[in-house]
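# Inside the fold
Now for the letters of each chain:
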Amino acid sequence: MADLSVQLGEMSFCNPVCLASGTAGYGPEVASWYDLNELGGFFSKALTLEPRSGNALPRVCELPTGMLNTIGLANPGVSRFISEQLPGWEELKTRLFVNVAGSTADDYVECCRRLEQAPRLDGLEINVSCPNVKQGGISFSADLGDLAALVRRCRETTRRLLIIKLSPQVTDIVSVAQVCADEGADAISLINTIPGMSIDIGSRRTRLSTGIGGYSGPGIKPVALAQVYRVARAVSLPIIGIGGISSAADILEFILAGASVIQVGTYNFVQPDAGRKLVKELDQLCHQLGIEQLSSAVGTVELPVTTA
Ligand SMILES: Cc1cc2nc3c(=O)[nH]c(=O)nc-3n(C[C@H](O)[C@H](O)[C@H](O)COP(=O)(O)O)c2cc1C
């Protein structure tokens, strides 16, 4: 067996395979398919200070190259999560993270503060990249001053691992990631969904209630890889790679590009036991390629040898 253990900064993971926020609920949804402890880590659906019912239906749509969603951060709110879901996490050994969202910086900070008391939590993933809400979300990625202030305040509030999840929809992803590093973030998650649209030509109606939603799945993988590659070369923060992963080869591409850990999102809807399957396949692939220690492959991609 290959050594699949990886490090995200100082935190160790038994393997790099984590489930992405919003695609696997709060844990019990997956636990009926397989043991969550087989995963490197688990990222919860976004939590906000107050409960949210989300956007109107239809809010998901399948495409040949992935899917669109406009869930709109539907969630029970942080207090209900702490009292109802979090106790179920106490027995788990896998790395556990809560995805935090909000409309204002105060919302994010108060959410982080309440979660600080949670006994069994490895870190927070601050979602400044949701394209499907009118306030907050992606607007924090667009203004570097707002982003800096938000990351600083979250850093002051939590002693847990602080991960900032960025949108690819910015002019210069390196400067956005650098702001997170400067303000004390521990890691970067790349990428969230990309704005996208689909139209039913018969009815001349958009397939999502909000017209435009977030595009995810295999079609966004090249975009995600490019962002991971650029940030890994320029910013000294560990990276969690996300976007269109549906095979062990996809995982290895992200690792070579510079990600230390990865998340699987849309593929969970295709294959409910995706996490477990990918861990097994990754072990076989490393064996085939003679990779004894996966962590040694992080960021080792090279450009092709060119001829004149
Ligand atoms: C239905 C759905 C809901 C999502 N909800 C969240 C969320 O609550 N918070 C978040 O940060 N990302 C959310 N995402 C984005 C995913 O975590 C991931 O970044 C994105 O889908 C790209 O990965 P993928 O191509 O493997 O799906 C959601 C994605 C989908 C498809």
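Before reading on, note that the structure itself is shown above.
Residues numbered from 1 in each chain as written. Predicted model: local features only at pLDDT ≥ 70, side-chain atom pairs only at ≥ 80, totals over all residues. Heavy atoms only, no water.

## Points about the site of the ligand
Lining the immediate environment of the ligand, one finds 23 residues, of which Ser21, Lys165, Gly217, Gly244 and Thr266 sit closest. One of the backbone N or O atoms of alanine 46 is found 3.2 Å from an oxygen atom in the ligand. A distance of 2.7 Å is found between an oxygen atom of the ligand and a backbone nitrogen or oxygen belonging to glycine 244. When the ligand sits alone it has 610 Å² of accessible area, and the protein chains cover 97% of it. With respect to the detected pockets, the ligand is housed in the largest pocket. (Near = heavy atom within 4 Å. Polar contact = N/O pair within 3.5 Å; in protein donor to acceptor, adjacent residues only side chain to side chain. Areas by Shrake-Rupley, 256 points an atom, 1.4 Å probe, with all protein chains shown as cover. 1 Å grid on protein atoms, 1.4 Å probe; cavity = no way out; pocket = protein on both sides within 12 Å on 5 of 7 lines; lining within 4 Å. Sits in = over half its atoms within 2 Å of the grid points.)

## Brief notes about the sheet that holds strand S10 (residues 187-190)
With parallel pairing, eight strands are arranged side by side around a closed barrel as S3-S4-S7-S8-S9-S10-S15-S16. Direction aside, the axes of adjacent strands within the sheet are offset by 25° on average. Two elements, strand S3 (residues 17-19) and strand S4 (residues 41-43), share two bridges in a ladder whose sense is parallel. Bridged to cysteine 18 within S4 is glycine 41. Across the face of the sheet, helix H3 (residues 105-115) comes into contact with strand S7 (95-100) and strand S8 (123-127) while running at roughly 165° to S8. (Pairing = 2+ DSSP bridges. Helix = DSSP H or I, 4+ residues; strand = E, 2+ residues; numbered from the N terminus. Axes fitted to C-alpha atoms, helices over the stretch in contact; angles between N-to-C directions. Contact = heavy atoms within 4.5 Å.)

## Considering helix H7 (residues 221-234)
For H7, which comprises 14 residues, the first-to-last C-alpha distance of 20 Å matches the rise-based estimate of 20 Å (1.5 Å per residue) to within 8%. Among the residues making up H7, those that are buried are Lys221, Ala224, Leu225, Gln227, Val228 and Val231. When H7 is viewed along its axis, its buried side chains cluster within an angular range of 165° and face the same direction. The elements touched by buried residues of H7 are helix H6 (173-182), S10, strand S15 (239-242) and helix H8 (248-257). (Expected span 1.5 Å × (residues − 1). Buried < 20%, exposed > 50% of the residue type's maximum accessible area, 1.4 Å probe, protein only. Arc of directions from axis to C-beta.)

## Some details on the state of the cysteines
Using the criterion set out here, one finds zero disulfides in the structure. In this structure cysteine 154 is a free cysteine whose sulfur lies 4.0 Å from that of cysteine 112, the closest cysteine sulfur available. The cysteine cysteine 180 is free of any disulfide, with cysteine 154 supplying the nearest cysteine sulfur at 10 Å. (Disulfide = S-S within 2.5 Å.)

## Focus on the packing of H6 against H7
At a minimum axis distance of 9 Å, the contact between H6 and H7 shows a crossing angle of 55°. The orientation of H6 relative to H7 falls into the category oblique. In this structure, H6 meets H7 at a crossing whose hand is right-handed. In this structure, H6 uses Ile173, Val174, Ala177 and Gln178 to contact H7, whose residues at the interface are Gln227, Arg230, Val231 and Ala234. Considered class by class, the residues forming the contact of H6 with H7 number five nonpolar, two polar and one charged. (Parallel < 35°, antiparallel > 145°, perpendicular 65-115°, else oblique. Left-handed = near helix turned anticlockwise from the far one by under 90°. Nonpolar A, V, L, I, M, F, W, Y, C, P; charged D, E, K, R; others polar.)

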